[in-house]
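As a plain string of letters, each chain reads:
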Amino acid sequence: AALMLTVIARSDRRDWYQAPALNIDYRQGLDSGVKGLRIGYSRTLGYARVDLEVSMLVDKGVQAFESLGARVEELDLELEDPIAIMQPLWAVALALAIAPMTATQRALVDPPLLEIAELGFGLSALEYRRVERARDAFARRPCMPDQDYDLLVTPQLAVPAFGAGHEVPPGSKRTRRWEWSPFTYPFNLSQQPAASVPCGFTRDGLPVAMQLVGDKFADARVLQAARAYEGMQP
């Protein structure tokens, strides 16, 4: 991951959004560890419903950072779910992808994705701009709780893996896919770097992961923390 980021972070004149070249090799300092870092741990971000077995495995994973010299503190966050911002952005992106498809191609797309895209087809330019402004307001909030933490840890998904062909786990009383993946899109919106790190297996042998989140542009620190955990739990 560090090697890949080193390559794709380079400037490219074909990219209109490119930033000035930083010439960072993210492999350097990768083994710096997490000693002395202050890590905040939130099980729910204030709004997510998390499977108990997932929560227990992530609890155990977070504790490993203490043995590596980090200070871990549980956070009682009360954030609002930003799905109302994310959903229209998803819908428009899906609509753009589906629009040029033939009827035969559309028949191969998961029906829930087609349903979400319908909102994108009907969104006006003014409505979309309002959503972008809402995203701006969301992202301007402090990226890290209290700005006192070097990293934030959450579960990566709220449930263990479930059977293919289902949008949500059968019998879970969830209705949309973002209800079992509530931890990733907040940081897509805020443009914060995050890494997914495997942290154990359920009783059924299904993998569970925790998410390590850094402040904006703190990609190297996220990779260092992931590397430290990977070295302890290969």
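Our structure is the block above this text.
Described below are features of the structure shown in this document.

Each value, and the rule that gives it
Residues numbered from 1 in each chain as written. Predicted model: local features only at pLDDT ≥ 70, side-chain atom pairs only at ≥ 80, totals over all residues. Heavy atoms only, no water. Axes fitted to C-alpha atoms, helices over the stretch in contact; angles between N-to-C directions. Helix = DSSP H or I, 4+ residues; strand = E, 2+ residues; numbered from the N terminus. Parallel < 35°, antiparallel > 145°, perpendicular 65-115°, else oblique. Contact = heavy atoms within 4.5 Å. Nonpolar A, V, L, I, M, F, W, Y, C, P; charged D, E, K, R; others polar. Pairing = 2+ DSSP bridges. Right-handed = clockwise from strand over helix to strand, strands pointing away. Phe/Tyr/Trp six-rings, centres within 6.5 Å; stacked < 30°, edge-to-face > 60°. Buried < 20%, exposed > 50% of the residue type's maximum accessible area, 1.4 Å probe, protein only. Expected span 1.5 Å × (residues − 1).

Here we look at the packing of helix 3 (residues 83–98) against helix 5 (residues 111–122)
- Taken N-terminus to C-terminus, the directions of helix 3 and helix 5 make an angle of 100 degrees; their axes are 7 Å apart at the nearest point. Considering their axes alone, helix 3 and helix 5 lie roughly perpendicular with respect to each other. When helix 3 is examined against helix 5, the residues Gln 87, Pro 88, Ala 91, Val 92, Leu 94, Ala 95 and Ile 98 are found in contact with a partner set consisting of Leu 113, Leu 114, Ile 116, Ala 117, Leu 119, Gly 120 and Phe 121.
- Within the contact of helix 3 with helix 5, the residues separate by chemical class into 12 nonpolar, 2 polar and no charged.

Remarks on the pairing of strand 1 (residues 38–41)
- The pairing of strand 1 with strand 2 (residues 71–74) spans 4 bridges and is classified as parallel. The residue bridging Gly 40 from the neighbouring strand is Glu 73, located in strand 2.
- For the crossover that starts at strand 1, traverses helix 2 (residues 52–67) and ends in the parallel strand 2, the hand is right-handed.
- Where strand 1 and strand 3 (residues 151–155) come together, 3 bridges link them in parallel fashion. Along strand 3, the bridge assignment pairs Ile 39 with Leu 151.

Brief notes about the packing of aromatic side chains
- Counting across every chain of the model gives 5 aromatic pairs.
- Residues Trp 90 and Trp 178 carry aromatic rings whose centres are separated by 6.1 Å and whose planes lie at 25 degrees to one another, so their mutual orientation is stacked. In this pair, Trp 90 sits in helix 3 while Trp 178 sits in the loop between strand 3 and helix 7 (185–190), placing the two residues 88 residues apart along the sequence.
- Residue class for Trp 90 comes out partly exposed when judged on its relative accessible area of 30%.

Quick notes on the environment of Pro 20
- With respect to the helices and strands, the residue Pro 20 is situated in the loop between helix 1 (2–8) and strand 1.
- For the pair Pro 20 and Ala 95, spaced 75 residues apart in the sequence, the C-alpha separation amounts to 32 Å.

Some thoughts on helix 3
- Between its terminal C-alpha atoms helix 3 stretches 21 Å, which fits the 22 Å expected from 16 residues at 1.5 Å a residue.
- Turning to helix 3, its buried residues are Ile 83, Ile 85, Met 86, Pro 88, Leu 89, Ala 91, Val 92, Ala 95 and Ile 98.
- Of the surrounding elements, those touching the buried residues of helix 3 are helix 4 (103–106), helix 5, helix 6 (125–139) and helix 7.

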